[in-house]
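For reference, the chains in residue letters:
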Amino acid sequence: MLIGQPTYFFESIDSTNVYAAELISNKKPVAGTVIDTAHQTHGHGQKDRRWWSPAGVNITLSLILRPEWLAIERQFLLNVMTSLAITRTIQEYTSKKVEIKWPNDVYVEGKKISGILIQNGIQGKKIQYSILGIGLNVNQRIWPDDVQNPTSVSLASKAEIDITQVKQKLFSNLEIEHHVIQSEPDTAIERYVDLLYKKDILTTFYLGQEEVQGVIKTIDGFGRLIIETGQGSRTFNLGEISFSNDEIIT
Ligand code: BTN
């Protein structure tokens, strides 16, 4: 499989994830197919949020995979693969610390630089397809006031960035990490855990309105987050916990 072959490029499109889903139901796109756009008019984020990105300055694309080899219980490896590839790509431009906010946001020095929206098509016990939607801020330098704590590759590296070059590096890192989650998943998980935002730091989490003090330690075999609290170790699923009381981690 070669990532980006083929690539469908659009000057403007509603959402690359939506287009990828349509392509999957109408045609049979091969693994590696990328839907890429310079401008998304209705980009989706996690939890029905929107993903805003001005025309021509950032990366907004979706990669189609056909991970039939992957057990459903291990689908979090797709989050691991994508967030590691993005992290590795950004780290090629900055010496600042790039981290993964569980399960799959990418942060530079506490600011969000990239978001991932993964949509899996499951039939029986098989993952028929996976759409890996990636939003990566590249040359954006200003945001509307309601966007919390954003940053970009350009701000992190203090330079104007060649988006095509970032995309090439991203594709090659996705290819590498895709190979790693198949051949030696434990090493990918180890690197992912090492990069977890707030790992080993006492942090306040919210379970709904309940405040919990704890320390992120690792993930379990299903990708759930393990936090050490005063009452011992607790395991959290997606959507159960947030870092602040207005944001549920999805
Ligand atoms: C998030 O942080 O909430 C996830 C954001 C994911 C945004 C990307 S941009 C390309 C792809 N198409 C979409 O509509 N969303 C994803």
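Only a predicted model underlies this, so the values are computations on that prediction, with no experimental measurement involved. (Residues numbered from 1 in each chain as written. Predicted model: local features only at pLDDT ≥ 70, side-chain atom pairs only at ≥ 80, totals over all residues. Heavy atoms only, no water.)

**Regarding the environment of T41**
Item 1. Note that T41 resides in the loop between β2 (34-37) and β3 (59-65).
Item 2. On the basis of relative accessible area, T41 is assigned to the partly exposed category, the value being 31%.
Item 3. Considering only alpha carbons, one finds T41 and S12, 29 residues apart in sequence, at a separation of 7.1 Å.
Item 4. Sequence-distant contacts of T41, that is, excluding residues within four places in its chain, are made with S12, I13, D14 and R50.
Item 5. For T41, the side chain forms a polar contact with the side chain of H42, separated by 3.4 Å. (Helix = DSSP H or I, 4+ residues; strand = E, 2+ residues; numbered from the N terminus. Buried < 20%, exposed > 50% of the residue type's maximum accessible area, 1.4 Å probe, protein only. Contact = heavy atoms within 4.5 Å. Polar contact = N/O pair within 3.5 Å; in protein donor to acceptor, adjacent residues only side chain to side chain.)

**Concerning helix α4 (residues 163-183)**
Because the α-helix completes a turn every 3.6 residues, residues three or four places apart line up on one side.
Item 1. Between its first and last C-alpha, α4 extends 30 Å over 21 residues, near the 30 Å set by a 1.5 Å rise per residue.
Item 2. Regarding α4, the residues found buried are I163, V166, K167, L170, F171, N173, L174, E177, H178, V180 and I181.
Item 3. The inward-facing, buried residues of α4 abut β1 (7-10), β2, β3, α2 (76-91), β7 (126-136) and α5 (185-194).
Item 4. If you check the start of α4, you find a side-chain oxygen 3.0 Å away from the backbone N of T164, and it comes from D162. (Expected span 1.5 Å × (residues − 1).)

**Some points on the side chain of T87**
Item 1. Structurally, T87 can be placed in helix α2.
Item 2. Its relative accessible area of 4% is what places T87 among the buried residues.

**Section: the environment of T151**
Item 1. Looking at where T151 falls in the secondary structure, it is placed in the loop between β7 and α3 (153-157).
Item 2. C-alpha separation for the pair T151 and S183, spaced 32 residues apart in sequence, amounts to 33 Å.
Item 3. Residue contacts for T151: discarding those within four places in its chain leaves V108, K111, K112, I113, N137, W143 and A156.

**Quick look at the sheet that holds strand β9 (residues 210-219)**
Item 1. Sheet architecture is open: four strands sit in the order β8-β9-β10-β11, paired in antiparallel fashion. Unpaired on one side and paired on the other, β8 (202-207) and β11 (232-236) mark the two borders of the sheet. Across the sheet, the mean angle separating the axes of adjacent strands is 50° when strand polarity is ignored.
Item 2. Direction of pairing for strand β10 (residues 225-229) relative to β11: antiparallel, over a ladder of five bridges. Paired with I226 across the two strands is T235, which belongs to β11. (Pairing = 2+ DSSP bridges. Axes fitted to C-alpha atoms, helices over the stretch in contact; angles between N-to-C directions.)

**Some thoughts on unusual backbone geometry**
Item 1. Following Q5, the chain continues into P6 via a peptide bond in cis, with omega recorded as 5°.
Item 2. Along the polypeptide, P6 turns up in the segment before β1.
Item 3. Cis geometry marks the peptide bond from W102 to P103; its omega dihedral reads 0°.
Item 4. Summarising the element assignment, P103 is placed in the loop between β4 (98-101) and β5 (105-108).

**A look at the packing of α2 against α4**
Item 1. The interhelical angle for the contact between α2 and α4, taken along N-to-C directions, is 140°, at an axis separation of 8 Å. Considering the angle they form, α2 stands oblique to α4. Between α2 and α4 the crossing geometry is right-handed. Of the residues in α4, those in contact with L77, L78, M81, T82, L84, A85, I86, R88 and T89 of α2 are V166, K169, L170, N173, L174, I176, E177, H178 and I181.
Item 2. Taken together, the residues of the contact of α2 with α4 break down into eleven nonpolar, four polar and three charged. (Parallel < 35°, antiparallel > 145°, perpendicular 65-115°, else oblique. Left-handed = near helix turned anticlockwise from the far one by under 90°. Nonpolar A, V, L, I, M, F, W, Y, C, P; charged D, E, K, R; others polar.)

**Some thoughts on the packing of aromatic side chains**
Item 1. Throughout the structure, instances matching the rule amount to four aromatic pairs.
Item 2. Ring geometry for Y107 and Y197: centres 4.9 Å apart, planes at 35°, overall tilted. Of this pair, Y107 sits in strand β5 while Y197 sits in the loop between α5 and β8, placing them 90 residues apart in sequence. As far as burial versus exposure is concerned, Y107 and Y197 are alike and both buried.
Item 3. Consider the rings of F205 and F243, whose centres lie 5.3 Å apart with planes at 55°: the pair is tilted. In this pair, F205 sits in strand β8 while F243 sits in the segment after β11, placing the two residues 38 residues apart along the sequence.
Item 4. Taking relative accessible area as the criterion, F243 reaches 12% and is therefore assigned buried. (Phe/Tyr/Trp six-rings, centres within 6.5 Å; stacked < 30°, edge-to-face > 60°.)

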